[in-house]
Amino acid sequence: MRRTLLLGLLALLLGRMAAAQPNCLIYAAGSPERAACEVYLQAIEFPQGSIQSQVYFDRALALCPTFADAYHEKSVPFLKRGDFQTWKKLMDEAVRLRPERFLGDRGWCRFKFLHDYAGALADITRLRQLTRNQPGQSGDGSYDLRIVAALCQRELGDLRGALSTFDECIADYKIKDRVGLSDYLHRGVVKLRQRDYAGALADFELQRSINGKLAETCYYTALAMRQQGNPAYLGQLQAARELWQQGYRLNDPYVSMPDEISLPEIEALLQQ
Amino acid sequence: MLTPFYKVTLLAGWLLSLLPHRGQAQARGIWAKADIPLVYNRQYEVGNILFDPSQDRPDFALRPNGRIYQYYNFDTTFPGGRVELRKHLLRALPTAAGSSDSGFLTVRFVVNYRGETDRFRVQALNSEYQPQAMDPELVARVLGACRALRGWLPGQIDGETKDSYFYITFVVREGHIQDITL
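In short, a report on the structure. (Residues numbered from 1 in each chain as written. Chains lettered and ligands numbered in written order. Predicted model: local features only at pLDDT ≥ 70, side-chain atom pairs only at ≥ 80, totals over all residues. Heavy atoms only, no water.)

### What about the overall build of chain A?
Then comes step 1: When you go through chain A residue by residue, the secondary structure sums to 14 helices and zero strands.
Then comes step 2: Ordered by position in the sequence, the α and β elements of chain A form the string α-α-α-α-α-α-α-α-α-α-α-α-α-α.
Then comes step 3: Sorting the 272 residues of chain A into buried and exposed places 54% on the buried side.
Then comes step 4: Intrachain contacts of chain A at a sequence separation of at least 6 include 52% that bridge at least 24 residues.
Then comes step 5: In the form shown here, chain A has an accessible surface area of approximately 12600 Å², with 53% of it arising from carbon and sulfur atoms. (Helix = DSSP H or I, 4+ residues; strand = E, 2+ residues; numbered from the N terminus. Buried < 20%, exposed > 50% of the residue type's maximum accessible area, 1.4 Å probe, protein only. Contact = heavy atoms within 4.5 Å. Areas by Shrake-Rupley, 256 points an atom, 1.4 Å probe, with all protein chains shown as cover.)

### So, helix H10 (residues 183-193) of chain A
Residues and elements named next belong to chain A.
Then comes step 1: The buried count for H10 comes to 10 of 11 residues, which makes it a mostly enclosed element.
Then comes step 2: The set of residues buried in H10 consists of Asp 183, Tyr 184, Leu 185, His 186, Arg 187, Gly 188, Val 189, Val 190, Lys 191 and Leu 192.
Then comes step 3: Those residues of H10 that are buried lie in contact with helix H8 (145-155), helix H9 (159-175), helix H11 (197-210) and helix H12 (215-227).
Then comes step 4: A positive phi of about 65° marks Arg 195, the residue just after H10.

### Observations regarding the packing of helix H6 (residues 99-114) of chain A against H8(A)
Residues and elements named next belong to chain A.
Then comes step 1: Where H6 meets H8, the axes come as close as 11 Å, and the angle between the chain directions of the two elements is 40°. In this structure, H6 crosses over H8, and the sense of that crossing is left-handed. Contact with H6, carried on its side by Gly 104, Trp 108 and Phe 111, involves Leu 145, Val 148, Leu 151 and Cys 152 of H8 and no other residues of that element.
Then comes step 2: Residues of the contact of H6 with H8, tallied by class, amount to six nonpolar, one polar and no charged. (Axes fitted to C-alpha atoms, helices over the stretch in contact; angles between N-to-C directions. Left-handed = near helix turned anticlockwise from the far one by under 90°. Nonpolar A, V, L, I, M, F, W, Y, C, P; charged D, E, K, R; others polar.)

### Some words on the interface of chain A and chain B
Then comes step 1: Taken together, the contact pairs 46 residues of chain A with 40 residues of chain B.
Then comes step 2: Buried area between chain A and chain B, summed over both chains or domains, comes out near 3700 Å², and the portion from carbon and sulfur atoms is 56%.
Then comes step 3: Between chain A and chain B we count two salt bridges in total.
Then comes step 4: Between Arg81(A) and Glu45(B) there is a salt bridge, with the nearest N and O atoms lying 3.1 Å from each other.
Then comes step 5: Sorting the residues of the side of chain A that touches chain B by element identifies helix H2 (32-43), helix H3 (51-63), helix H4 (68-80), helix H5 (84-97), H6 and helix H14 (263-271) of chain A as the ones contributing at least two each.
Then comes step 6: A per-element tally of the side of chain A that touches chain B places H3(A) first, with eight residues.
Then comes step 7: Of the residues in the side of chain A that touches chain B, the class split is 21 nonpolar, 12 polar and 13 charged. (Buried area = accessible area lost by both parts, 1.4 Å probe. Salt bridge = Lys/Arg side-chain N within 4 Å of Asp/Glu carboxyl O.)

### Some thoughts on the environment of Gly144(B)
Residue and element names in this part refer to chain B.
Then comes step 1: By the element assignment, Gly 144 lies in helix H6 (residues 136-147).
Then comes step 2: By relative accessible area, Gly 144 is classed as partly exposed at 34%.
Then comes step 3: In this structure the C-alpha to C-alpha distance between Gly 144 and Ala 92, which are 52 residues apart in sequence, comes to 10.0 Å.

### Points about the state of the cysteines
Residue and element names in this part refer to chain A.
Then comes step 1: The full count for this structure, using the stated rule, is one disulfide over all chains.
Then comes step 2: The side chain of Cys 24 participates in a disulfide bridge whose partner is Cys 37; the two sulfur atoms lie 2.1 Å from each other. On the sign convention where negative is left-handed, the bridge of Cys 24 and Cys 37, at about -80° about the S-S bond, is left-handed. Separated by 13 residues along the polypeptide, Cys 24 in the loop between helix H1 (2-20) and H2 and Cys 37 in helix H2 bring together distant segments of the chain. (Disulfide = S-S within 2.5 Å.)

### Some points on the pattern of salt bridges
Then comes step 1: Under the counting rule described, the total for this entry stands at 30 salt bridges over all chains.
Then comes step 2: Among the ionic pairs, Arg98(A) bridges to Glu100(A), the shortest N-O distance being 3.8 Å.
Then comes step 3: One salt bridge connects Asp56(B) with Arg121(B), and the closest N-O pair in it is separated by 2.8 Å. Within this pair, whereas Asp56(B) is found in the loop between helix H3 (32-35) and strand E1 (69-70), its partner Arg121(B) is found in strand E3 (residues 117-126), the two being separated by 65 residues in sequence.
Then comes step 4: The buried category is assigned to Asp56(B), whose relative accessible area is 4%.
Then comes step 5: Beyond isolated ion pairs, a larger network of salt bridges with shared partners links Lys88(A), Asp92(A), Arg106(A), Arg110(A), Asp116(A) and Asp123(A).

### With respect to the side chain of Asp259(A)
Residue and element names in this part refer to chain A.
Then comes step 1: Mapped onto the secondary structure, Asp 259 falls in the loop between helix H13 (233-246) and H14.
Then comes step 2: By relative accessible area, which is 9% here, Asp 259 ends up buried.
Then comes step 3: Residue contacts for Asp 259: discarding those within four places in its chain leaves Arg 154, His 186, Val 189, Arg 193, Glu 216, Tyr 220 and Leu 250.

### Examining the pairing of E3(B)
Residue and element names in this part refer to chain B.
Then comes step 1: With respect to burial, E3 is a largely interior element, eight of its 10 residues being buried.
Then comes step 2: Direction of pairing for strand E2 (residues 103-111) relative to E3: antiparallel, over a ladder of eight bridges. For Arg 108, the partnering residue across the bridge sits in E3 and is Arg 121. (Pairing = 2+ DSSP bridges.)

So, in structure tokens, the structure goes:
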């Protein structure tokens, strides 16, 4: 039993690795897929966004117009450089060809880069249907895509729906001891918006058990305590400021993250 | 002795062998690098904004090597960070009625090594990510708010500030700015 589990885990890991960089040997020698895959591997040797890499992706697609990975990888620099029209056009092709592989990436990027919450939720919902409710992780590995769906619901104003989705995903992961690095924080913010301050504080406490050093946890704890009239909130704000200045905060190289806070926000509350 | 028919077949086969191979040769992956013509500008990258004298400042200073990085290469940012920039822009762009436009308005520009900006470009898309002309007054207000931003903090490499691209996306709903992503 134990061996079967280990082998299963190994197969899963290998599968994820193959998704990041395709294994061309899985395609028949001489097939258009094998040829396109080999050109794809050459394309990703060039800097992302360089004309050389783009030309190679085009050549891969000329060899095999159904090689979805090339559409996806070709789309990435357009996303990162703000050309969302071209990104979406290419990404749509990748999704059309391999929905179970690329719906999650498209949904995650719509959520993260464009705050297109309705579009992202539609993509993740469809993926959940295709994957028996196991849609996998966000493109950067930060979140289970069910948590992203919950955040979309939250931002669309459906707080009860969001909470239910958070609860379902966290309960599933609790069994596996794999709750995400900021899942409790985001669920706590839903409860804060619902004015369930005790519930929010309980989640922020759970967040500390996952990641003890995060400025946002202290900041939102302070907000909940302040609403309860607890003067200890000032200590939480001071801790938030210290952690923020030390770099212990939500951060992303591309865009600001959900529930990310700034130093002036902490200081403004300290001065009130 | 070969009949004329075979001679024609052999000649055709030889001629066909001169054509680029599909299948076998590609499967070995031996042709691609030498086969792709390098007639394009090898310095070009996705998203480059070329100088346009009709809208760009000729005196906008850039580092002489010509390389313009992306903001995420080294954290080009705004005083207070992106969270503060978003709040500043939301305050600067109050709700205005009069248009039914919905979609995404992306403003992209260069932050030079001195923290100044220019080479602004705009992409307006509808909610289906298709190009769409938006209310010129709304576009002008958004562009004006972006141009008015001062004090950028350019990213650095080995202690030297560099030029980089930056962009801000405005989520437009029925003519007003609903959200900003950056």
